[in-house]
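Chains, contacts and geometry: an overview
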Amino acid sequence: MSSATLPAPQPLGGRRAAFVWGIGVGVYFVAVIFRTSLGVAGLDAAARFHVNASALSTFSILQLLVYAGMQIPVGLMVDRLGTKKVLVLGTVLFTVGQLGFALSPSYATALGSRALLGCGDAMTFISVLRLGSRWFPAKHGPMIGQVAALFGMAGNLVSTLVIARALHGVGWTQTFVGSSLAGVAVLVLLLLFLRDHPEGHEPPPAHHAGAAFVRRQIAESWREPGTRLGMWVHFTTQFPAMVFLLLWGMPFLVEAQGLDRGTAGGLLTLVVLSNMVVGLVYGQLIARHHAARLPLALGTVGATALMWAATIAYPAPHAPMWLLVTLCLVLGACGPASMIGFDFSRPANPPERQGTASGITNMGGFIASMATLLAVGVLLDATGDNYRIAFSSVFFLEALGLVQILRLRARAQRREREHLVASRVEAVHVPV
């Protein structure tokens, strides 16, 4: 059949794309609800399993350890198997993990359930990014990523508003069993309606050569300065808010700042709402002004460090409410800033490496979060619950990440310009 008789590919975008991509986003939304449900249940979990701060932090550390460790394997899986298969597997795993956490009779089984949840959760975000790149034009990449993250934060909002209230209304088991039904619902939608790509936009067949292919994918992705810069941007920006929302925000606000649970929950909600608003603003800015990526990321790091320092160093037993509110508003910018990391790795890699490169980038923030969760838990036990000392561990990782960003930025920008010139030359020589 001649090329003239082949059906023309459907244009990218439109209602069909929004519907299919929306299913993927819905899976990510549920995964984030399950991921962050421990953040509002930390005190309840400590009482239920009779554990101290270090053991409590192990829940989140193990979950994030599995999540971070799975990022490169998941990226390779997405590149090789496609989005639908990976999302289906991830949904089954995080749903079983949430159900297991609800019914766990001991600390050990609860740990295993959170590890299973982390494994399934790890398969969602990279898959959603890949789905968006297949169904929408490349120019919408920054906005697509920020909107996906926005829906993820909406899942966090469900945790702070719904899960927290249900825990004190119907109890532990009913709350977590009931929430696991959301995983079943999105699994049905996935199986019925999700497609990896629109008709006419099938990716070229890939030739996978086992271990050699895996090594090549990872090595070529890592070799790009944009991938490494993206990882360090993600590392430096994401973790302060994640540590606050995932585990230590509620204990800090209640035990160190003397707030009741309702007020503390309201402040956690404020972080989420700020994240959603800032995400839309950052997405629009980067889509229109590509050069704004690094200033936005560095500005967020600086503002976060300033407000974190002001809060824990305030010369009184409790920080004033206006300062806590400002801290939570600034922490809301951390998630959107971390998404900028993907805006560095995406243009640095061809379509066949997008999953692997996104996996490397996504590891950054979760490694930093894991290290900080551990440091805070250990320092709280060592200092008799001194949050000022424990929360100071944030500055060390911010400084480490900032040094790496400044070291890589010129090299990544130069390489990106080379890619842009090469793509323009190639476009000129493509026969019509």
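If you're wondering where the values come from, they're calculated on a predicted model, not measured in any experiment.

**Quick look at the overall build of the chain**
Helix and strand counts for the chain stand at 16 helices and zero strands. For the chain, the C-alpha radius of gyration of 22 Å lies close to 22 Å, the compact-globule estimate for 432 residues. Reported as C-alpha extents along the three principal axes, the dimensions of the chain are approximately 75 × 45 × 40 Å. Taking all 432 residues of the chain together, the buried fraction comes to 56%. In the chain, of all internal contacts separated by at least 6 residues, the share reaching a separation of at least 24 is 84%. For the chain, the exposed surface amounts to about 17800 Å²; the carbon and sulfur share of it is 69%. A gap of 5 Å separates the mean positions of the 30 positive and 18 negative side-chain charges of the chain.

**Points about unusual backbone geometry**
Located in the positive-phi region is H50, a residue other than glycine, with phi close to 55 degrees. Along the chain, H50 falls in the loop between α1 (15-49) and α2 (53-81). Exposure remark for H50: the relative accessible area of 71% places this residue in the exposed category. In this model, D385 sits at a positive phi of 65 degrees, which is unusual for a non-glycine residue.

**Focus: the layout of surface pockets**
As a volume, the second largest pocket reaches approximately 190 Å³. Taken together, V40, T160, L161, A164, R165, H168, M250, R261, G262, G265, G266 and T269 make up the lining of the second largest pocket. Secondary-structure elements contributing two or more residues to the lining of the second largest pocket are α6 (141-169) and α10 (261-288). Classifying every residue of the lining of the second largest pocket by side-chain character gives four nonpolar, six polar and two charged.

**A short note on the pattern of salt bridges**
Counting across every chain of the model gives seven salt bridges. A salt bridge links R35 to D121; its shortest N-O distance comes to 2.6 Å. One end of the pair, R35, is in helix α1; the other, D121, is in helix α4 (residues 107-121), with 86 residues separating them in the sequence. D121 shares its class with R35; the two are buried. Between E416 and R293 there is a salt bridge; the shortest N-O distance is 3.2 Å. Remark: R293 occurs in helix α11 (residues 293-312) and E416 occurs in helix α16 (residues 393-429); sequence separation between them is 123 residues. Judged on exposure class, the residue E416 and its partner R293 are both buried.

What counts, and where the lines are drawn
- Residues numbered from 1 in each chain as written.
- Predicted model: local features only at pLDDT ≥ 70, side-chain atom pairs only at ≥ 80, totals over all residues.
- Heavy atoms only, no water.
- Helix = DSSP H or I, 4+ residues; strand = E, 2+ residues; numbered from the N terminus.
- Rg over C-alpha atoms; globule rule 2.2 N^0.38 Å.
- Buried < 20%, exposed > 50% of the residue type's maximum accessible area, 1.4 Å probe, protein only.
- Contact = heavy atoms within 4.5 Å.
- Areas by Shrake-Rupley, 256 points an atom, 1.4 Å probe, with all protein chains shown as cover.
- Lys, Arg positive; Asp, Glu negative; His and termini not counted.
- Charge placed at Lys NZ, Arg CZ, Asp CG, Glu CD.
- 1 Å grid on protein atoms, 1.4 Å probe; cavity = no way out; pocket = protein on both sides within 12 Å on 5 of 7 lines; lining within 4 Å.
- Points joined across faces, edges and corners; volume = space filled by probe spheres on them.
- Nonpolar A, V, L, I, M, F, W, Y, C, P; charged D, E, K, R; others polar.
- Salt bridge = Lys/Arg side-chain N within 4 Å of Asp/Glu carboxyl O.

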